[in-house]
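Listed below, chain by chain, are the residues.
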Amino acid sequence: RDIIVGELGGANAIRAICHYFPIGQRILFIDDDLDRFYEWDCSGNFTRDSTRLAEYLDDGFQTIDDYNCGSFTFSFMTNGHWLKGKPFKEFRPFLMTGGFFGTRNDPAMIITEHSHGDDVVRSVRHIERYGGTLVYWWAGLHSKYGKESGGLQSSGDRGDVTSAEDRL
């Protein structure tokens with residue numbers, strides 16, 4: 001397959017992705033510092049290196065299509081105590097973390113001006129249009145956030161963080 005290279009920076013990469021793929025195309029946005037998929041079963045047993053990510057992705061895209069949910073993500077909870085009583089998946093107002101979300105291509109919903117706070121902007125847009133996002137409570141991806149070379153911490157794409165936050 002060809003590799004499509006966008007400009008440096010998270011916002012620029014997402015812009016390039018959205019402009020490359022057709023409107024309505026299923027797109028999964030995944031940070032490059034995610035290194036393994038984990039999940040909890042209904043008995044509270046933790047699987048550190050689950051091989052079932054594809055099942056979640058299929059279910060996520062099917063569910064957002066069937067119920068017009070707009071997007072899906074994982075809760076990224078690693079403490080089973082906080083998961084007690086949570087359903088397998090739930091549609092609700094929730095942060096669509098910039099590190100992982102699935103949606104259909106809609107540039108007006110996905111593209112943001114800055115890389116810093118982009119997940120907040122996208123989340124608010126989805127709350128306003130759909131009422132929230134689909135969340136998988138019992139699964140997530142482990143991140144090496146800030147430990148790898150590159151990424152938001154070194155791209156220079158943050159700009160003036162205080163001004164960006166004030167605008168948000």
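Structure first, text after, so check above.
Enquirer: Could you clarify how one ought to interpret the sheet that holds strand β8 (residues 139–143) in this entry?
Expert: In sheet architecture, strand pairing relies on hydrogen bonds along the backbone and comes in two forms, parallel and antiparallel. Spatial strand order, β3-β2-β8: three strands in an open sheet with antiparallel pairing. Since the sheet does not close on itself, it has two edges, and those belong to β3 (46–47) and β8, each with one partner. Sheet topology note: the strand β2 (residues 34–40)/β3 ladder contains two bridges and is antiparallel. For W40, the partnering residue across the bridge sits in β3 and is F46.

Enquirer: Which parts of the structure should I look at to understand the sheet that holds strand β5 (residues 89–92)?
Expert: Spatially, β1-β6-β4-β7-β5 is the arrangement adopted by the five strands of the open sheet, whose pairing is mixed. Each having just a single partner strand, β1 (26–30) and β5 make up the two edges of the open sheet. Neighbour to neighbour, the strand axes of the sheet diverge by 20° on average, direction disregarded. With four bridges connecting them, β5 and strand β7 (residues 133–136) associate as antiparallel partners. In the strand pairing of β7, K89 is matched with Y136.

Enquirer: Would you mind going over the pairing of β1 with me for this structure?
Expert: A regular strand places its side chains on the two faces of the sheet in alternate fashion. In β1, alternate side chains face the same way, and those of I27 and F29 are buried while those of R26, L28 and I30 on the opposite face are not. Relative to strand β6 (residues 100–104), β1 runs antiparallel, the two sharing five bridges. The residue bridging R26 from the neighbouring strand is R104, located in β6.

Enquirer: Would you mind showing me how to read the side chain of T112 here?
Expert: Within the secondary structure, T112 is located in the loop between α3 (107–110) and α4 (118–130). The exposure class of T112 is buried, given its relative accessible area of 5%. In this structure the side chain of T112 is engaged in a polar contact, spanning 2.9 Å, whose partner is the backbone oxygen of H114. Excluding residues within four positions of it along the chain, T112 makes contact with A11, R15, D118, V121, R122 and R125.

Enquirer: Where do I start with the nonpolar core in this structure?
Expert: One recurring pattern in soluble globular proteins: nonpolar side chains tend to sit buried together. Counting 14 residues, the largest nonpolar core has F72, F74 and F100 as the members making the most contacts within it. When residues of this core are traced back to their parent elements, those giving at least two are β2, α2 (53–67), β4 (71–74), β7 and β8. The element best represented in this core is α2, accounting for four residues. Not counting the four nearest positions on each side in its chain, F74 is found in contact with F37, L53, Y56, F94, F100, V135, Y136, A139, G140 and L141.

The rules behind these values
- Residues numbered from 1 in each chain as written.
- Predicted model: local features only at pLDDT ≥ 70, side-chain atom pairs only at ≥ 80, totals over all residues.
- Heavy atoms only, no water.
- Pairing = 2+ DSSP bridges.
- Helix = DSSP H or I, 4+ residues; strand = E, 2+ residues; numbered from the N terminus.
- Axes fitted to C-alpha atoms, helices over the stretch in contact; angles between N-to-C directions.
- Buried < 20%, exposed > 50% of the residue type's maximum accessible area, 1.4 Å probe, protein only.
- Polar contact = N/O pair within 3.5 Å; in protein donor to acceptor, adjacent residues only side chain to side chain.
- Contact = heavy atoms within 4.5 Å.
- Core = buried A, V, L, I, M, F, W, Y, C linked by side-chain atoms within 4.5 Å.

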